[in-house]
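Reading the structure
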Amino acid sequence: MTVAEHEESEERIEFFDTRAGIAWMAAEAAFFPHEEPVHALPRLLERIAQMRGSAILCCGAAEIRRTFRAVGRRAGWSRRIQPDQMVFLDPGRRERIVSGYLKAGEDPFPDVVLEVDSTTDVRRNRLKLYEAWGFPEVWVEVPVAYSPGRRRRSGLTIYRWEEDGYVVSTESRAFPGWRGVEIHRALNERAVSAETSEVLTRVGRALGKREGTGPDDDPLLRQQRREGLALGRLAMAAVLLRRRGVALSPDFPTGLSARHLDLLAAASAESLIESASAAESEADFLSRLSRHSS
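Now for a look at the structure at hand. Here the structure is a predicted model, which means the values were calculated and not measured.

1. So, the pattern of salt bridges
- Applying the stated rule across the entire model yields 14 salt bridges.
- Via salt bridges that share partners, Arg160, Glu162 and Arg173 belong to a single interconnected network.

2. Observations concerning the packing of aromatic side chains
- Applying the stated criterion across every chain, the model contains seven aromatic pairs.
- Between tryptophan 139 and tryptophan 178, the aromatic rings sit 5.7 Å apart at their centres with planes inclined by 90 degrees, giving edge-to-face as the arrangement. Taken together, the positions of tryptophan 139 in strand β9 (residues 137-142) and tryptophan 178 in the loop between β11 (165-169) and α5 (180-187) put the pair 39 residues apart, joining distant regions of the chain.
- Classification of tryptophan 139 as buried rests on a relative accessible area of 0%.
- For tryptophan 178, a relative accessible area of 1% gives the class buried.
- Aromatic rings pair up to connect Phe109, Tyr130 and Phe135 into one cluster.
- A cation over a ring is seen here: arginine 65 above tyrosine 101, with NZ or CZ 3.9 Å from the ring centre.
- Arginine 66 extends its terminal NZ or CZ atom over the ring of phenylalanine 68, reaching a point 5.0 Å from the ring centre.

3. Some details on the sheet that holds strand β2 (residues 22-25)
- Spatial strand order, β2-β1-β5-β4-β7: five strands in an open sheet with mixed pairing. Across the chains shown, the open sheet's two edge strands, defined by having one partner strand only, are β2 and β7 (102-103).
- Pairing of strand β4 (residues 64-68) with β7 involves two bridges; the strand directions are parallel. If you follow arginine 65 over to β7, its bridge partner there is lysine 103.

About the thresholds
Residues numbered from 1 in each chain as written. Predicted model: local features only at pLDDT ≥ 70, side-chain atom pairs only at ≥ 80, totals over all residues. Heavy atoms only, no water. Salt bridge = Lys/Arg side-chain N within 4 Å of Asp/Glu carboxyl O. Phe/Tyr/Trp six-rings, centres within 6.5 Å; stacked < 30°, edge-to-face > 60°. Helix = DSSP H or I, 4+ residues; strand = E, 2+ residues; numbered from the N terminus. Buried < 20%, exposed > 50% of the residue type's maximum accessible area, 1.4 Å probe, protein only. Lys NZ or Arg CZ within 6 Å of the ring centre and 35° of its normal. Pairing = 2+ DSSP bridges.

Structural data, given as structure tokens:
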């Protein structure tokens, strides 16, 4: 394959060496055992990001290039690979990459690269390049789903860069406390289990502790926590109002507007009890609560 053919190709090219003019391409179209773990990772990381309170960016199979400059009579050349997923814990580092691909040795490294092995063995090819180029952490996942060409047992191996190259580790450095067996299980679940949910929460909190952030820094979780607090307080007020014989609408408190829920989340316990103790109707209760908060 020539460089021009590579630039024009719309097929997935796993590896391309411009000097040798050789490209490695997928022998068949993408299939479920390979694609499911690839697309599961962003969903899992979104939950971790919410608990941490700041975004995590997945860039998919964007190309990585390592360019070797011309030396003497030897022309410049490059090697190019496409990972299955690249993960940036700080999306701002990705914004520093100005071209359409990542330049190894020049651009910021992703915190994690994921490779899914279903019918091939990345250790025999691309892993050696990641190691030579100094990528800090690579996850190699062999899915649970059956694949005819697979000769290895399913599981996830974490390769972490140390002083002299990669060492196999039982847990991630980028995601503190996230063990390989836990990542493998999560990538192969059809739906997030209660056990995996607890792990994602633990890892997200560990990242947040390291960075001084938490769930309240995530807009969605912050709103959900405020609504939960408001509904809990309303349930307490509803008991007091009903004991006093005050008629309440059938959908009280869940039928209240977002403005009233925000009002209740911010109200003090004293103002809530005082308003419920004196109100003559549901509308009067909300009006009294509004006056207390203004």
